[in-house]
Amino acid sequence: MRIHCPYCGERGNDEFSYLGDASVVRPDASAPNAEDAFYAFAYERRNVAGPTQELWYHAAGCHAWLVVTRDTRTHEISDVKPAQDVALARQSPVSTAS
Amino acid sequence: MLNSDRYSIFSVLAEALRGQTGWKPVWRQAAPKPSYDIVIVGGGGHGLATAYYLAKRYGNANIAVVEKGWIGSGNVGRNTTIVRSNYLLPGNIPFYETSMKLWEGLEQDLNYNAMVSQRGVLNLFHSDGQRDAYARRGNAMRLHGVDSELLDLDAVRKMYPWLNYENARFPIKGALIQRRGGTVRHDAVAWGYARGADRLGVDIIENAEVTGFRIENGKIGGVETTRGFIGANKVGLAVAGNSSRAAALAGLTLPIESHVLQAFVSEGIKPFIDGVVTFGAGHFYISQSDKGGLVFGGDIDGYNSYAQRGNLPVVEDVLEGGMALMPRIGRVRLLRSWGGIMDMSMDGSPIIDRTPIDGLYFNGGWCYGGFKATPASGLCFAHLLARDEPHEVAKAYRLDRFRTGHMIDEKGMGNQPNLH
Amino acid sequence: MTQSQTSRVTGLGLVDRTKPLDFTFDGVPYTGYAGDTLASALLANGVRLVGRSFKYHRPRGILTAGSEEPNALVELRSGERREPNTRATVAELFDGLDAKSQNRFPSLSLDLLAVNGLLSPVFSAGFYYKTFMWPAAFWEKLYEPIIRRAAGLGRAANEPDPDTYDKANAFCDVLIVGSGPAGLMAALSAARAGARVIVVDESFAFGGRLLSDARTVGGMSGVEWVDAAVAELSAFPKVRLMSRTTIFGAYDTGTYGAVERIADHVAVPAAGEPRQRLWHIVAKQTVIAQGAMERPIVFGNNDRPGVMLASAVRSYINRFGVAPGQTAVVFSNNDDAANTIDDLVRAGVTVAALVDTRPALAPQIKSKARKHGIRVFEGAAISDAIGGQRVTGARIVAAYGTSQSVACDLIAVSGGFNPNLQVTTHLGGRQQWEENLAAFVPGTLPKWMTVAGSANGSFSLASCLGEGTQAGAAAAAAIGFEASSIAIPKADDELTGVSAFWHVESAKHKAFVDQQNDVTAADVRLAEREGFRSVEHLKRYTTLGMATDQGKTSNVNGLAMLAELTKKSIPATGTTSARPPYTPVSLGVLAGEHREKHFKPTRLTPSHDWAKERGAVFVEAGMWLRAQYFPKPGENDWLTTVNREVKTVRSGVGVCDVSTLGKIEVHGTDAGKFLDRVYINMMSTLGVGKARYGMMLREDGVAMDDGTAARFANDRYFITTTTANAIKVLQHLELCRQWHWPDLDVQIFPVSDQWAQYSIAGPRARDLLAKIVDAPFDISNAAFAYMAVAEISVLGGIKARIYRLSFSGELAYEIAVPARHGDLLMRKLMSEGEEFGAIPYGTEALGVMRIEKGHVGGSELNGTTTAADLGLGKMASTKKDFIGRVLAQRPGLVDPSRPRLIGFKPVDKAVRLRSGAHFIGKDDRPTAANDQGYMTSVAYSPMLGHWIGLGLLSRGDARVGEILTATDPVRGETTLVEVVPAAFYDAEGARLRV
């Protein structure tokens, strides 16, 4: 399996390490339901059979975290974005990252 | 005439004389009835064992096992066949030891030879720290009454004189051995339980994929399948690998990810590996089958997958471990590699519990330790389904343990499934 | 010697008769030619009996001429290079080759285990599931040893593989798998369009079936055309032609695994040359042109030596110049097999009969047979081969049921062709049944893959050439290369009719479906009767298709027979999944160079050579080799040395290499805020020029790592991690920075390898360092107090950092210099320290001193302990959020009965403690119910004169003074221990502040 790192180009998946579902976002610890939210964030996974967004880290390359859109049934990768861009866009959805 | 439905050397000889024409199907090809007391989803090892023990020990045979393909098509027929109970934590040891004891009597219980072979599981260690960790584990096992021995280097050499001792990157220092551990012919486990359950009246329904659950007022009423609706008072899920997909049909989200684990077998060669050997400085474990193939495996690929196949980096990683430990296998050839989908739970340990839906029960999260657990998993799930309370040795396997902070984390890797 | 090759045919074949090669088989010397395989050379010498089957030990010969061979398996080479199960049909002959038959005792012609054949009524499929159950203990003691003695075919070498293997990567626009007519045309059209092309072929020669069939292409002989095509391809700079290379697996994103056999065709690899090379080939487009494999027909005694696939017969005649028999019968269900007649006649073989299952043959075929005086049996079959160790005749059953025997020593059989689609299905692609062809053809394919020629079910030569051309052009076009139109060379006409026929019902003898695994037609019937009606169940129950050929000659026959029995169609019956590897791959090549000593890289610290000179004993610490202790002459055990090292540090001064620590720069205006969120304690309040101990949790509230954070400027921190967690912590920090808090102004740089770092510890540490640091830096306690840090220079201008940190509990500093100066610094510290008695100390002494101080190490930071478990709960700030804070509050993690870190000493001071021992009440029985915790770390304390330990004990911090039993059954020890505070030495920390 090969992943197109936006910084380094296409590389074998052995250069990357995997974290998992990118749809779970670290909750606000000061929110009243923080314990539930953190439980869901840390443990509950939709574990989709199909296209899913997930976090990969280019460990043997540029050390960028990436949001990779990949189909878990076929391993086909349709999109790769720097995680920081995705995270910034998430924080301020109006001014999307370039 | 001799009853060929009772397997023995006598029935085999009698059938030899009449051209093997008297054997009956190992299990009936049952058609679904409108309803059952209990429907078990998943005709793998765990589902079939559950049905068998429900019928045999809990006296309830009004059961159907529904399987989307052919029985045993999942991980029961895709693993490296190892059985052992060399666990560390009190939540796990009694359960896996229960399984070990069931393995020890399985063939006589089922009247089916699954070739349970207790030729020992040897875990090599390569550092002082690893030795101490294995001592802790071995002592925990002994406190639970489970056999375990710490071997020094000389004792390991005596057992396996041809391992790489002289030219190793991480020299072998000794090993923890569980002599009662070993291997079992994997497919035969599914067939043996299927036959046992079938003879007690359980309906095994193949090619019936569950497409939904009928849930009314928070209570289960049955399952929708590709072969029609089947009513049930209770439904038990035993579909590890696909647990999340099945649970999603009931609106549940689980602390589980699906990952691919590859396994490997070499061409058949004259046996020279007696028991199971695991490398302590890499991901590699190996045994040799009664057919002569070296059966081995390593780490999961590390990314979520439902594809039942993996990629080359892990193949190479596994063989690097193999050639680090036993360089004499260099000219032996790999015959076949394959992949299975593992229910990787968030702490590396399984779940056998009720769900928030009344009458819906869950069995899964086996990570890559599901095969050895098959008998106890079946027994404990049967107990839960029959009695509505957890079996004594499976009490720790609660679904809510992550919420309460009672994780059973053997490896200490935390909430990252691909590291367990 | 060449006269011995009695079956060699003059004037035929591509072997080089000017290069005779000597070889032995079972010790008997023979001669063959360059260009032979072991199989062709054996046949040239009239050898037919080559092996014994797995279960019944039946005599077996050579069935095929390719990599699908199920029978002719030998042990090739001997000693440390012994290769079991080598297919004689693909083993290239070399001078001095020695091969042995396998799975026979005492000899190939007299195999006593052939008695198993007599017991075959008992040894039916799956019989072992039904017996050997009583008594239970007999399985391991009696039954299984007997079974295991009979298991396997060849023997693995007893010694480590002496050859080397390597790995390489290749990238191309178009990968062509197979170099037959379709593959070569695909390569030509892709190459002419300008694409970067790789062509691989498993054989040692390009050309595929054109080497084995006497055909005409573009007005030339097939072989001439191949030579011309290969010459043209070789001239393209962007084309790579790889023979002796097998694509064994298709993986994601157009990645393929391939093995190149560099030195399997010579006795021993040349010096410096690997035996084989693993290629990772990455292709944008792939054309699969792997041709098709002929399948046998299942009839009685169809495994006898002398029964051979018709296409293999042609290979031996046309490619190798060998007549595999003297009198042949051809048995088929298709038009292709009739081509064999011409070749047989040309090779001087008498053709006794053409037996075809079809009721009416094409007139061309019949007239050809008539021309050669060959009897034709239409609508007929061979029910049984006659003969034992070789075929002596065939029993032919005619359409109307009568039977007659025909004398022959060769039966050329063809049941039609199976396209080679294994590689197309590795990624989950499906095959589909094509009734007209009686074959599976490609169904769904990965989008970057096409299939051409026979592999696509287009069996005629003309269609191979045409489809190859088309596929090559289309592949090039798919990635933007414009294809010029290419003239497709003309091929001679041929017939390709086939009518499905699987097995002969009237067989009297055992009829084998899977020859190597001895699976018979009766076994298939039995499996069906017992309910094994899924094709996967059939395979697993009977072992059909699980031999070294992975069912290449048996799977389709088996599933077709199952379909007949279950009265289902072949498509409804389905196929088993092909899995990598396509053909067996040596385990050594998959490991490459990463074996034995080179299993993993070895990391050495900058002053490693110095430590080696000094006589250090090294220990593996992850990838690192670290100095464990430094024995002096006369010190005969490690404990003596370590005791001396500890005492010297605690009374004088010692130096320890701590370069392996993880080191990370954290910069930016938000660096303090960032560190506050990843450590449980505050780091933003740390003063410039100061360091602070810190602990990080995982998000699940469990301790992850500890280390120090130093602040060199408002926006510039430097943190350390434990050696073990250096990579993990970096990855975690990058996740926090990039994903959790992308808006913070923080930059992270790993600098672990940039700095060599040394701990200088002991009462004389300052005296020593004073000689090293450059003026005007003031190292006095007043100017540079405990936990101070500074950027300085040492040894006359070498940039350095100095940290007043102590792991040992003594007055201590850590000093870091750029890695290239590490060796110099270490040597200087030793020479300058001579007057203070300075010594180097290793990781053992370091560990002893940390246990004396009660500091946590790797065995306490084991991934299941919380900060509170480790006695560090009070460090956690309540004023901020940090990773792990919320989930650390879960009931299971704040339960007061959790094991807490505490110290232990033996009641009897002479007794040693053991890490891994469990704690039970003093008078308790050793049971799980009484288990209260376990010892994590132990050391002999030379300062206290007895063993000490750290452990995790339920409510341990509240139990100081209790006497417990430390039970260690795996080492047979039981020790009374007293619970004591974890800090054993200088608990108030006076020594480190002086």
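Residues numbered from 1 in each chain as written. Chains lettered and ligands numbered in written order. Predicted model: local features only at pLDDT ≥ 70, side-chain atom pairs only at ≥ 80, totals over all residues. Heavy atoms only, no water.

Caption draft 1: Geometry of the overall build of chain C. Check the secondary structure of chain C and you find 23 helices and 50 strands. Overall, chain C is about 115 × 75 × 55 Å in size when its C-alpha atoms are taken along their principal axes. In chain C, which comprises 994 residues, the share counted as buried stands at 63%. Carbon and sulfur atoms form 53% of the exposed surface of chain C, whose accessible area is close to 34,500 Å². (Helix = DSSP H or I, 4+ residues; strand = E, 2+ residues; numbered from the N terminus. Buried < 20%, exposed > 50% of the residue type's maximum accessible area, 1.4 Å probe, protein only. Areas by Shrake-Rupley, 256 points an atom, 1.4 Å probe, with all protein chains shown as cover.)

Caption draft 2: Representation of the side chain of Asn103(C) within the structure. Tracing the backbone shows Asn103(C) in the loop between strand E7 (97-101) and helix H2 (115-118). Separated by 3.0 Å, the side chains of Asn103(C) and Lys270(B) make a polar contact. In contact with Asn103(C), other than residues within four places in its own chain, are Lys270(B), Arg52(C), Ser53(C), Phe54(C), His57(C), Asp111(C), Ala150(C), Gly152(C) and Leu153(C). (Polar contact = N/O pair within 3.5 Å; in protein donor to acceptor, adjacent residues only side chain to side chain. Contact = heavy atoms within 4.5 Å.)

Caption draft 3: Quick peek at the packing of aromatic side chains. Residue and element names in this part refer to chain B. Throughout the structure, instances matching the rule amount to 51 aromatic pairs over all chains. Taking the centre distance of 5.9 Å and the plane angle of 45° together, the rings of Tyr-7 and Tyr-112 count as tilted. With a gap of 105 residues between them, Tyr-7 in the segment before helix H1 (9-17) and Tyr-112 in the loop between helix H3 (93-110) and strand E4 (121-125) connect regions that are remote in the sequence. We note that Tyr-7, like Tyr-112, is buried. A centroid spacing of 5.0 Å and a plane angle of 85° characterise the contact between Phe-95 and Tyr-96, whose relative ring orientation is edge-to-face. On the accessibility criterion, Phe-95 (0% relative accessible area) is buried. With a relative accessible area of 3%, Tyr-96 lands in the buried category. One residue, Arg-195, lies across the ring of Tyr-7, its end atom 3.6 Å from the ring centre. (Phe/Tyr/Trp six-rings, centres within 6.5 Å; stacked < 30°, edge-to-face > 60°. Lys NZ or Arg CZ within 6 Å of the ring centre and 35° of its normal.)

Caption draft 4: Fine view of the interface of chain A and chain B. Contact with chain A, which involves 22 residues of that partner, is made by 25 residues of chain B. For the pair chain A and chain B, the summed buried surface comes to about 2,200 Å²; carbon and sulfur atoms form 51% of the total. It is Tyr18(A), Tyr43(A) and Asn47(A) that lose the most area in chain A upon contact with chain B, and together they represent 32% of the buried surface on that side. Between the two partners, chain A and chain B, sit two salt bridges. Linking chain A with chain B are 14 residue pairs in polar contact (both at pLDDT 80 or more), by the criterion used here. Secondary structure elements with two or more residues in the side of chain A that touches chain B: strand E3 (17-21), helix H1 (34-43) and strand E4 (51-57) of chain A. In terms of residue count, H1(A) provides more of the side of chain A that touches chain B than any other element does, four residues in total. (Buried area = accessible area lost by both parts, 1.4 Å probe. Salt bridge = Lys/Arg side-chain N within 4 Å of Asp/Glu carboxyl O.)

Caption draft 5: Up close: the confidence of the model for chain C. When the pLDDT values of chain C are averaged, the result is 96; 100% of them are 70 or greater. Listed scores for the predicted complex are pTM 0.97 and ipTM 0.97. (pLDDT = per-residue confidence, 0-100.)

Caption draft 6: Up close: the sheet that holds strand E19 (residues 350-356) of chain C. All names here are of chain C. Judged by pairing direction, the sheet is parallel, and its five strands sit side by side in the order E17-E24-E18-E19-E20 without closing on themselves. Of all strands in the sheet, those bounded by a partner on one side alone are strand E17 (307-309) and strand E20 (375-377). Each adjacent strand pair in this sheet contributes to an overall mean axis angle of 20°, direction not counted. Pairing geometry for strand E18 (residues 327-332) and strand E24 (residues 410-414), over five bridges, is parallel. By the bridge assignment for E24, Val-330 is matched with Ala-412. Each of E18, E19 and E24 is contacted by helix H7 (residues 339-346), which is oriented at about 170° to E19, the strand it contacts most. (Pairing = 2+ DSSP bridges. Axes fitted to C-alpha atoms, helices over the stretch in contact; angles between N-to-C directions.)

Caption draft 7: Here's a closer look at the interface of chain B and chain C. At the junction of the two partners, chain B supplies 109 residues and chain C supplies 122 residues. Between chain B and chain C, roughly 9,800 Å² of surface is buried when both sides are summed, and carbon and sulfur atoms account for 55% of that area. Counting the surface chain B buries against chain C, the share from its top three residues, Leu143(B), Arg169(B) and Arg331(B), is 10%. The interface formed by chain B and chain C holds 11 salt bridges in total. Counting across the interface, chain B meets chain C through 69 residue pairs in polar contact (both at pLDDT 80 or more). In terms of residues, the side of chain B that touches chain C owes the most to one element, helix H4 (residues 128-143) of chain B, which gives 10 residues. The residue makeup of the side of chain B that touches chain C, split by class, is 45 nonpolar, 35 polar and 29 charged. Pairing between strand E16 (residues 333-345) of chain B and strand E31 (residues 585-586) of chain C: two bridges, direction antiparallel. Within E31(C), the residue paired with Arg333(B) across the bridge is Ser586(C). (Nonpolar A, V, L, I, M, F, W, Y, C, P; charged D, E, K, R; others polar.)

Caption draft 8: Region of interest: the nonpolar core. Counting residues in hydrophobic clusters, the biggest one holds 100 residues, and the most contacted among them are Tyr53(B), Phe95(B), Tyr112(B), Trp191(B), Tyr193(B) and Ile352(B). Looking at which element gives the most residues to this core, the answer is helix H9 (residues 370-387) of chain B, with nine residues. Discounting chain neighbours no more than four positions away, the residues touching Tyr112(B) are Tyr7(B), Glu107(B), Ala188(B), Trp191(B), Gly192(B), Arg195(B), Tyr129(C), Met133(C), Phe532(C) and Tyr541(C). (Core = buried A, V, L, I, M, F, W, Y, C linked by side-chain atoms within 4.5 Å.)

Caption draft 9: Highlighting unusual backbone geometry. All names here are of chain C. Following Phe-105, the chain continues into Pro-106 via a peptide bond in cis, with omega recorded as 0°. Position of Pro-106 relative to the elements: it lies in the loop between E7 and H2. Geometrically, the link from Pro-580 to Pro-581 is a cis peptide bond, its omega value of 0° lying close to zero. Tracing the chain through its elements places Pro-581 in the loop between helix H14 (570-573) and E31.

Caption draft 10: Representation of H9(B) within the structure. Residues and elements named next belong to chain B. A bend of about 45° at Ala-376 is the largest found in H9. Across the 18 residues that make up H9, a large majority, 16, are buried. Positive backbone phi, approximately 65°, marks Asp-388, located one or two places after H9. (Bend = angle between axes of the 7 residues up to and from the residue.)

Caption draft 11: Representation of the pattern of salt bridges. Taken as a whole and judged by the stated rule, the model has 97 salt bridges over all chains. Glu699(C) is the salt-bridge partner of Arg26(A), the closest N and O atoms lying 2.5 Å from each other. Pair noted here: Arg26(A) is in the loop between E3 and H1 and Glu699(C) is in the loop between strand E36 (690-697) and strand E37 (703-713), and the two residues belong to different chains. Both residues of the pair, Arg26(A) and Glu699(C), belong to the buried class. Arg199(B) is the salt-bridge partner of Asp198(B), the closest N and O atoms lying 2.9 Å from each other. Judged by relative accessible area, Asp198(B) falls into the buried class, the value being 6%. The structure contains a network of salt bridges with shared partners spanning Arg331(B), Arg77(C), Arg81(C), Glu83(C), Asp161(C), Asp163(C), Asp264(C) and Arg275(C).

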